[in-house]
Amino acid sequence: MITTELEQLRAEALASLEQAETLDALREWRVTYLGRRGRLTQVLRQLGTIPPEERPRVGAVANRIKDELEAAYEAREAVLKEAALAVTLAAERVDVTLPGRPVDLGGYHPTTLVLREITSAFAELGFQVVEGPEVEWDYYNFEALNIPRDHPARDMWNSFWLTPGGTEAERPMLLRTHTSPMQIRVMEKFRPPIRVVVPGRCYRYEATDATHESMFYQFEGLAVDEGLTFADLKGTLYAFARMLFGPERRVRFRCDYFPFVEPGCDMSIDCSHCGGQGCRVCGGSGWIEIMGAGMVHPQVLRNVGLDPDRYQGFAFGGGPERVAMLKYGIEDIRHFYANDLRFLRQFRW
Ligand code: PHE
């Protein structure tokens, strides 16, 4: 009897469905029992062999069983899918209460921080920030600054000449030894009144020690106008020192010589590291020289076509690393270029 066969098939299929533990096994089950060439279809093929009056009844049984098996399949599939999801969720569980992994943030170099502070202090005093080339002509680095080729004052700046061998006349380019060449470039380009501050990298061919590096930064300042005096220079630099170091630090001006200023001076701040007692940072003197300065030499004004009887200027040049050493109590300039993260991380912000 077909109906008996159908009932047996039903029982077998339901039992086998219970055994399907995975979605793959489940799919296989479906092909076996409900597929186009599956077991149920095979039984139904025999419908043609039974008397026509019996066919509706047998057909109804077959359809009921087919529906039942399909429903059972879907129910089982739902159960297995849920189980599979539970396994994935357990395996990929995220504890949202765990602290995040720290992201290593970059920070600013202490020289950058101090240079920004310096340039914005001068910006507040009305100075405009400009920059210039690190590879420079002899003319701008020396000659136009009143330092002729054969002048012994050239020994103040040990230079990296860019083409070795020959005489200086044959190799007129060098790595700038100071930012002062920008005084000339600015005066060639702009007419007074001029007020600029120039941060930049400089190079000197000399031995390094706690306060000297062969590559370092400078900030240059230049003001040119009618009627500027040494009082303007001192007033400007006092105001700057107060902004950077606070009103309680002491400032000292002394006579100094630079070929491109007359009169020339340097400015020192009392050493914050030892409080003026004398230590390694200040070389035992209690003072740290942070700037050279002076009134622009009449010859320098003439070199750029300005009449020294009408225009006066003052200029200054300083070392931001020295400023940073004072501000932060750093005792060796070589820390700035050693790239030791233990040092640099102290200045992130
Ligand atoms: N350029 C000088 C130096 O590097 C510093 C300086 C600048 C002095 C401007 C006077 C005026 O030593």
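All values derive from a computational prediction rather than experimental measurement. (Residues numbered from 1 in each chain as written. Predicted model: local features only at pLDDT ≥ 70, side-chain atom pairs only at ≥ 80, totals over all residues. Heavy atoms only, no water.)

A. Representation of the overall build of the protein chain in the model. Regarding its fold elements, the protein chain presents eleven helices and nine strands. The globule rule puts the C-alpha radius of gyration for 349 residues at 20 Å, and the 44 Å found for the protein chain is more than 25% above it. The buried share among the 349 residues of the protein chain stands at 43%. Once local pairs closer than 6 in sequence are excluded, the contacts in the protein chain between residues at least 24 apart make up 69%. With the model as given, the accessible surface of the protein chain reaches about 19000 Å², and the carbon-plus-sulfur share is 52%. Separation between the mean location of the 41 positive side-chain charges and that of the 49 negative ones in the protein chain comes to 3 Å. (Helix = DSSP H or I, 4+ residues; strand = E, 2+ residues; numbered from the N terminus. Rg over C-alpha atoms; globule rule 2.2 N^0.38 Å. Buried < 20%, exposed > 50% of the residue type's maximum accessible area, 1.4 Å probe, protein only. Contact = heavy atoms within 4.5 Å. Areas by Shrake-Rupley, 256 points an atom, 1.4 Å probe, with all protein chains shown as cover. Lys, Arg positive; Asp, Glu negative; His and termini not counted. Charge placed at Lys NZ, Arg CZ, Asp CG, Glu CD.)

B. Broad picture of helix α8 (residues 230-245). Between its first and last C-alpha, α8 extends 22 Å over 16 residues, near the 22 Å set by a 1.5 Å rise per residue. Restricting attention to buried positions, one finds in α8 the residues Leu233, Thr236, Leu237, Ala239, Phe240, Ala241, Leu244 and Phe245. At the N-terminal end of α8, a side-chain oxygen is found 3.1 Å from the backbone nitrogen of Ala231, two or three residues along, and the residue is Thr229. Just downstream of α8, Gly246 is the residue with a positive phi angle, here 90 degrees. (Expected span 1.5 Å × (residues − 1). Polar contact = N/O pair within 3.5 Å; in protein donor to acceptor, adjacent residues only side chain to side chain.)

C. Representation of the domain arrangement of the protein chain in the model. For the protein chain, the domain assignment lists domain 1 (2-90) and domain 2 (114-347). Taking the mean C-alpha position of each, domain 1 and domain 2 sit 93 Å from one another. (Domains from an automatic or database assignment.)

D. Just the pattern of salt bridges, in detail. Tallied over the full model, the rule gives 19 salt bridges. Residue Arg76 pairs with Glu21 through a salt bridge whose shortest N-O separation is 3.9 Å. Here Glu21 lies in the loop between α1 (2-19) and α2 (23-34) and Arg76 lies in helix α4 (residues 55-91), a separation of 55 residues in the sequence. In this structure Arg76 comes out as buried when scored by relative accessible area, which is 15%. The salt bridge involving Asp270 is made with Arg249; its shortest N-O contact spans 2.9 Å. Pair noted here: Asp270 is in strand β7 (residues 261-270) and Arg249 is in the loop between α8 and β6 (251-255), with a separation of 21 residues, a long-range link. The exposure class assigned to Asp270 is buried, which follows from its relative accessible area of 7%. Linked by salt bridges that have partners in common, Asp138, Glu143, Arg149 and Arg154 make up one network. (Salt bridge = Lys/Arg side-chain N within 4 Å of Asp/Glu carboxyl O.)

E. A look at the packing of helix α5 (residues 110-124) against helix α10 (residues 320-328). Taken N-terminus to C-terminus, the directions of α5 and α10 make an angle of 100 degrees; their axes are 9 Å apart at the nearest point. As summarised for this structure, α5 and α10 are arranged roughly perpendicular, according to the angle between their axes. Contacts between α5 and α10 pair Thr111, Val114, Leu115, Glu117 and Ile118 from the former with Pro320, Glu321, Val323, Ala324, Lys327 and Tyr328 from the latter. Its residues placed into classes, the contact of α5 with α10 shows seven nonpolar, one polar and three charged. (Axes fitted to C-alpha atoms, helices over the stretch in contact; angles between N-to-C directions. Parallel < 35°, antiparallel > 145°, perpendicular 65-115°, else oblique. Nonpolar A, V, L, I, M, F, W, Y, C, P; charged D, E, K, R; others polar.)

F. Up close: the site of the ligand. Taken together, 15 residues lie around the ligand, and His178, Ser180, Arg204, Gln218 and Gly317 are the ones closest in. Within the contact set of the ligand, an oxygen atom lies 2.9 Å away from a side-chain nitrogen or oxygen of Arg204. Measuring from an oxygen atom of the ligand, one finds a side-chain N or O atom of Gln218 at 2.9 Å. Summarising the interface, the protein chains cover 93% of the accessible area of the ligand, which totals 330 Å² for the free molecule. Taking a 2 Å distance to the grid points as the criterion, the majority of the atoms of the ligand fall inside the largest pocket. Counting residues per element, the ones that place at least two in the shell around the ligand are β5 (215-225), β8 (287-296) and β9 (312-318). In terms of residue count, β9 provides more of the shell around the ligand than any other element does, three residues in total. Considered class by class, the residues forming the shell around the ligand number seven nonpolar, six polar and two charged. (Near = heavy atom within 4 Å. 1 Å grid on protein atoms, 1.4 Å probe; cavity = no way out; pocket = protein on both sides within 12 Å on 5 of 7 lines; lining within 4 Å. Sits in = over half its atoms within 2 Å of the grid points.)

G. Structural context of the layout of surface pockets. The volume enclosed by the largest pocket comes to roughly 660 Å³. If you trace the largest pocket, you find 32 residues lining it, with Arg204, Gln218, Phe258, Glu289 and Gly317 closest to the centre. Contributing elements (two or more residues each) for the lining of the largest pocket: β5, β8, β9 and α10. With five residues, the single largest contributor to the lining of the largest pocket is β8. Residues belonging to the lining of the largest pocket are distributed by class as follows: 14 nonpolar, ten polar and eight charged. Considering only enclosed or pocket space, the second largest pocket measures out at about 170 Å³ in volume. In terms of lining residues, the second largest pocket is bounded by 13 residues, among which Cys282, Ser285, Trp287, Ile288 and Glu289 are the most central. (Points joined across faces, edges and corners; volume = space filled by probe spheres on them.)

H. Representation of the environment of Arg149 in the model. With respect to the secondary-structure elements, Arg149 resides in the loop between α6 (138-141) and β3 (173-175). Distance from Arg149 to Tyr33, taken between C-alpha atoms, is 104 Å for residues 116 residues apart in sequence. Side chain to side chain, Arg149 and Glu143 meet in a polar contact 3.3 Å long.

I. Local environment of the packing of α5 against α8. Contact geometry of α5 with α8 gives a least axis separation of 10 Å together with a crossing angle of 130 degrees. With respect to their mutual orientation, α5 and α8 come out oblique. The interaxial crossing formed by α5 with α8 has right-handed handedness. Across the interface between the two elements, Glu117, Ile118, Ala121, Phe122 and Glu124 of α5 pack against Thr236, Leu237, Phe240, Met243 and Leu244 of α8. Of the residues contributing to the contact of α5 with α8, the split by class is seven nonpolar, one polar and two charged. (Left-handed = near helix turned anticlockwise from the far one by under 90°.)

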